[in-house]
Amino acid sequence: MDLIYLGFKQAFIMIFKGDRLVFEIALRSLIVSGTAVAISMIIGISLGLTIALARFPGRRVLLSLVNTGMGLPPTAVGLFVALLLARRGLFGFAELLYTKQAMIVAQTVIATPIVAGLTVAAVQNLNPKLRLQSLALGATRAQMLWTLIKEAKLPMLAAVMAGFGGVISEVGAVMMVGGNVTGDTQVLTTAVVEYVGKGNFPVAIALSLILLTLIFLVNFVLTQVQQRETSSWPKRISK
Amino acid sequence: MKNLALSLLALLTLAALLLGVAGCAKEAKEEKRSESKTATETPPVKKETIILATTTSTKDTGLLDVLIPAFEKETGIKVKTVAVGTGEAIKMGERGEADVLLVHAKKTEEKFMAGGYGETRRAVMHNDFVLVGPSSDPAGVKGLKSANEAFQKIADSASNFASRNDESGTHKKEFGIWEALIIKPEGGWYIKTGSGMAATLRVANEKQAYTLTDRGTWLVQKPNLQLELMVEKDKPLSNPYSVITLNPAKFENSRVKFEAGKRFADWIVSADAQKMINDFGKDKYPEPLFTGDSTLTTSK
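Computed from a predicted model, the values in this text were never measured in an experiment.

(A) Broad picture of the overall build of chain B. Helix and strand content of chain B: eleven helices and ten strands. Taken across its 300 residues, chain B has 50% of its residues classed as buried. Looking at chain B alone, contacts between residues at least 24 apart form 75% of all its contacts between residues at least 6 apart. For chain B, the accessible surface area stands at approximately 14000 Å², while carbon and sulfur atoms represent 55% of it.

Below, the structure is given as structure tokens:
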């Protein structure tokens, strides 16, 4: 009991005094996961729009693959990315294993299907007449796409947030490809594992609290988006 | 509400981007600074990064947090420490995925050298293993002089025993003792954790089990545990660490950084580093965690 009480007390002191070690690790987590999500946003939204709007052979197979990918086990992704980036691996020449770039690659692989899958769902949930209507009103293809994106932007924002929440709390992949190198590739999740290993519970608790706060923020925004969606029905009909 | 959500997202993205740029810039600056510093002292081999494959015990005790920055400052060579079990560390060496190894499993190390993978293997330091267990001591082993006898009693009474089961140096040592006793540990009492030493100690703590641990991790974790020391200072419980450099002849056309790896090996057996090892933890613990061994240097 003492351990827990003292741990939390010291953790709060560290957070509110702006402990350098704790914030450097938190910052690194944000940078790595933020970059990974930014990249997967570009790939995932384009892929999602293509699957939702275009009709081409193999589309259903691709969609099934994306849906499977939404539940990719991070540890497996970590293993394969690590094998590819290892010195004797296919991309060994780049010497990327145990770097932040490697972690970004792994997290992008994890987040992209999530963003793509949720984008497909978001666009397909739009009224199908919207597309025809905008074309009928003389919109070009690009203008029609833009209208659809604008209509689905909130669910798509939710998709991006879900991707971010998924990768920032993930530990298996970043541990394997990043190696948890102190001051270089150590992020919130791997640092918690290490500091528990060192028996340093206050730092571990402080890092966990920051992680929880980040996840809460993500879900707070997600909830706002979802609530707005349902409450805005009458407004949209009156449009 | 929509605007709130959107602006929040925008803020988050912007913050992450800004921080990213700032972080990179800062790192670049710091690198430059350390470069110019070291240039005046000793010219570095080259601005290089090496991968040190080592065991969880050296990292979890905090020893490397002291040694690595000192080495980096002195040589300008950056060290990436990958802390895994000794078994995996040695396999990383065999595959040329690491540049230098700091490990503790005599038999496996000798096999590695015999296979021609290693160029030099030198004694760095030692501590020892201890058998710890619950204060209730169901197997009645407390104070025994012989580790073998204690293990026999634990197996006979089928008292809970937590095993690393991860091919680490500690696991190999434990397995060696069972083997010497011709016991095949199996059954509900033999708990395989498959994790590091600190995690295994916590499992032992929760399950009221005995476990074999290196003294360093034990001393660091002790305040968080309700376990007691059972058996110590028996000869089979010694735990020597070696530093191994890789053999360039075996790894032709590979990306292994032999020279930089060698500098780390030379450095860790130097008088300065040995002093740091001997002094490590003196202020915090009643006994030293590691004892430097480099006077006993054996090179192959």
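Having put the structure on the table, let's press on.
(B) Representation of the packing of aromatic side chains in the model. Residue and element names in this part refer to chain B. Following the criterion strictly, the structure yields 16 aromatic pairs over all chains and no others. Note on F161 and Y190: the rings are 6.1 Å apart at their centroids and 10° apart in plane angle, and the pair reads as stacked. Here F161, found in strand β5 (residues 161-163), pairs with Y190, found in strand β6 (residues 190-192); they are 29 residues apart in sequence, far enough to count as distant. According to the relative accessible area criterion, F161 is buried, its value standing at 0%.

(C) Structural detail: the layout of surface pockets. Space inside the second largest pocket adds up to approximately 1000 Å³. What lines the second largest pocket is a set of 39 residues, and nearest its centre among them are M175 of chain A together with V82, A83, V84 and E88 of chain B. When residues of the lining of the second largest pocket are traced back to their parent elements, those giving at least two are α4 (74-85), α9 (172-178) and α10 (188-197) of chain A together with α2 (56-60), β2 (78-84), α4 (86-94) and α8 (197-207) of chain B. Here the lining of the second largest pocket spans two domains, and each of domain 1 (49-127 + 240-296) and domain 2 (128-237) of chain B adds at least three residues to it.

(D) Quick peek at the pattern of salt bridges. Taken as a whole and assessed by the stated rule, the structure comprises 18 salt bridges over all chains. A salt bridge links K78 of chain B to D184 of chain A; the nearest nitrogen and oxygen atoms lie 3.5 Å apart. Residue K78 of chain B is located in strand β2, and its partner D184 of chain A is located in the loop between α9 and α10; the two belong to separate chains. We classify K78 of chain B as partly exposed; its relative accessible area is 31%. Among the ionic contacts, a cluster of salt bridges with common partners joins D128, R215, E232, K233 and E287 of chain B.

(E) Spotlight on the pairing of strand β1 (residues 49-55) of chain B. All names here are of chain B. Among the seven residues that make up β1, six are buried, leaving the element largely enclosed by the rest of the structure. Two strands pair when backbone bridges link them, and β1 and β2 are joined in this way by seven bridges, in the parallel orientation. Along β2, the bridge assignment pairs T49 with K78. Summarising the sheet, β1 and strand β3 (residues 100-103) pair through three bridges and their orientation is parallel. Across the sheet, L52 pairs through a bridge with V100, a residue of β3.

(F) The arrangement of the side chain of S40 of chain A in detail. Residues and elements named next belong to chain A. For S40, the location among the structural elements is in helix α2 (residues 20-53). A distance of 3.1 Å separates a polar side-chain atom of S40 from the backbone oxygen of V37. In this view, S40 contacts I45, T108, A111, T112 and V115; residues no more than four positions away in its chain are not counted.

(G) Highlighting the side chain of E48 of chain B. Residues and elements named next belong to chain B. In this fold, E48 is placed in the loop between α1 (2-40) and β1. Judged by its relative accessible area of 14%, E48 falls in the buried class. Beyond its immediate sequence surroundings of up to four residues, E48 is in contact with G76, I77, K78, K257 and A260.

(H) Spatial organisation of the interface of chain A and chain B. Every contact between the two is made by 34 residues of chain A and, on the other side, 36 residues of chain B. Surface buried jointly by chain A and chain B totals about 3100 Å² across both partners, of which 59% is contributed by carbon and sulfur atoms. At the boundary of chain A with chain B, the tally comes to five salt bridges. Among the salt bridges present, the one from D99 of chain B reaches R87 of chain A, with a minimum N-O distance of 2.9 Å. Listing elements by their share of the side of chain A that touches chain B, those giving two or more residues are α2, α8 (153-168), α10 and α11 (201-231) of chain A.

(I) Structural detail: the nonpolar core. Counting residues in hydrophobic clusters, the biggest one holds 86 residues, and the most contacted among them are V177, L188 and L207 of chain A together with M92 of chain B. Here this core gets 13 residues from one element, more than from any other, and that element is α11 of chain A. With residues up to four places along the chain from it excluded, the contact list for M92 of chain B reads Y98 of chain A together with I51, A53, V82, V84, E97 and A98 of chain B. Counting 40 residues, the second-largest nonpolar core is a separate cluster that includes L63, V132, F280 and Y285 of chain B.

The rules behind the values
- Residues numbered from 1 in each chain as written.
- Chains lettered and ligands numbered in written order.
- Predicted model: local features only at pLDDT ≥ 70, side-chain atom pairs only at ≥ 80, totals over all residues.
- Heavy atoms only, no water.
- Helix = DSSP H or I, 4+ residues; strand = E, 2+ residues; numbered from the N terminus.
- Buried < 20%, exposed > 50% of the residue type's maximum accessible area, 1.4 Å probe, protein only.
- Contact = heavy atoms within 4.5 Å.
- Areas by Shrake-Rupley, 256 points an atom, 1.4 Å probe, with all protein chains shown as cover.
- Phe/Tyr/Trp six-rings, centres within 6.5 Å; stacked < 30°, edge-to-face > 60°.
- 1 Å grid on protein atoms, 1.4 Å probe; cavity = no way out; pocket = protein on both sides within 12 Å on 5 of 7 lines; lining within 4 Å.
- Points joined across faces, edges and corners; volume = space filled by probe spheres on them.
- Domains from an automatic or database assignment.
- Salt bridge = Lys/Arg side-chain N within 4 Å of Asp/Glu carboxyl O.
- Pairing = 2+ DSSP bridges.
- Polar contact = N/O pair within 3.5 Å; in protein donor to acceptor, adjacent residues only side chain to side chain.
- Buried area = accessible area lost by both parts, 1.4 Å probe.
- Core = buried A, V, L, I, M, F, W, Y, C linked by side-chain atoms within 4.5 Å.

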